[in-house]
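# Structural overview for review
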Amino acid sequence: MEKRFETVTTYTPQTYREFSDYNMRGMLRITRLVFLACAALLALFTTIMLMVMGNRNTLAVLLSYGLVVVFLLLPFLVEWIVKRQVETGAKEADGLVDTCAFFDEYFTEINGDQQTTAFYPRVFKAAETAAYYYVYIDRSTAAVIAKDSFVIGDADAFRGFLNEKLGDRFTGRVAAADE
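Attention here is on the structure that accompanies the text. A quick note: this is a predicted structure, and the numbers were derived from the prediction, not measured. (Residues numbered from 1 in each chain as written. Predicted model: local features only at pLDDT ≥ 70, side-chain atom pairs only at ≥ 80, totals over all residues. Heavy atoms only, no water.)

### Quick notes on the sheet that holds strand 6 (residues 132–136)
- In spatial order, the strands read 7-6-5-9; together these 4 strands make up an open sheet with mixed pairing. Each having just a single partner strand, strand 7 (142–146) and strand 9 (170–171) make up the two edges of the open sheet.
- Sheet topology places strand 5 (residues 125–128) next to strand 6; 4 bridges connect them, and they run antiparallel. Bridged to A127 within strand 6 is Y134.
- In this fold helix 1 (residues 13–53) packs onto strand 5, strand 6 and strand 7, with an angle of close to 60 degrees to the strand it touches most, strand 6.
- Contacts from helix 3 (residues 155–166) reach strand 5, strand 6, strand 7 and strand 9, with the element oriented near 25 degrees to strand 6. (Pairing = 2+ DSSP bridges. Helix = DSSP H or I, 4+ residues; strand = E, 2+ residues; numbered from the N terminus. Contact = heavy atoms within 4.5 Å. Axes fitted to C-alpha atoms, helices over the stretch in contact; angles between N-to-C directions.)

Put into structure tokens, the structure is as follows:
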């Protein structure tokens, strides 16, 4: 089989951060909304209970409002933990070379001493940002392909190739997290 495209992407901490930002942006937004909704519901429930029952149990009211504060602070804690994990991953990924070869029916990714083969019908999705293509093998694992890393083929032709192979599972030119 003839290679249609080949890429060699050398990871930098920034490469890893950009992928993590893109990959996590929706999840962090949802996390914030869930915690905010929990805090609002708990505050509403506590206020209604105070109005109905009066101030009979001060400790329960203080604990309930304390939980509201915890729910309001938790998104910041989650974001801080995620950022620490991303920074650790960025340091570990620095200098890692990722080679992808794309054929008509499948592609291979060689990352260090690991090789993955994925047939296009099994690829979860792919997305394009200003600087990268992300080809997701599953919900959380993706080949990160820098647009300037093509050894065979080019980034523009690759867009058409992904569109042909993945159809509506390919999202062309989406904004990165900070764009």
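Now, onward.
### Thoughts on the environment of G167
- Mapped onto the elements of the fold, G167 is located in the loop between helix 3 and strand 9.
- On the basis of relative accessible area, G167 is assigned to the partly exposed category, the value being 30%. (Buried < 20%, exposed > 50% of the residue type's maximum accessible area, 1.4 Å probe, protein only.)

### Some points on the environment of F19
- Tracing the chain through its elements places F19 in helix 1.
- With 110 residues separating them in the primary sequence, F19 and T129 have C-alpha atoms 9.8 Å apart.
- Every residue in contact with F19, bar those within four places of it in the chain, is listed here: Y134, Y136, A142 and V144.

### Quick look at the sheet that holds strand 1 (residues 5–10)
- In spatial order, the strands read 4-3-2-1-8; together these 5 strands make up an open sheet with antiparallel pairing. Looking at which strands have only one partner, the edges of the open sheet turn out to be strand 4 (114–119) and strand 8 (150–152). In this sheet, neighbouring strand axes are inclined to one another by 20 degrees on average, regardless of whether the strands run parallel or antiparallel.
- Summarising the sheet, strand 3 (residues 106–111) and strand 4 pair through 6 bridges and their orientation is antiparallel. Bridged to I110 within strand 4 is Q115.
- Relative to the sheet, helix 3 contacts strand 1, strand 2 (97–102) and strand 8, its axis offset from that of strand 1 by approximately 115 degrees.

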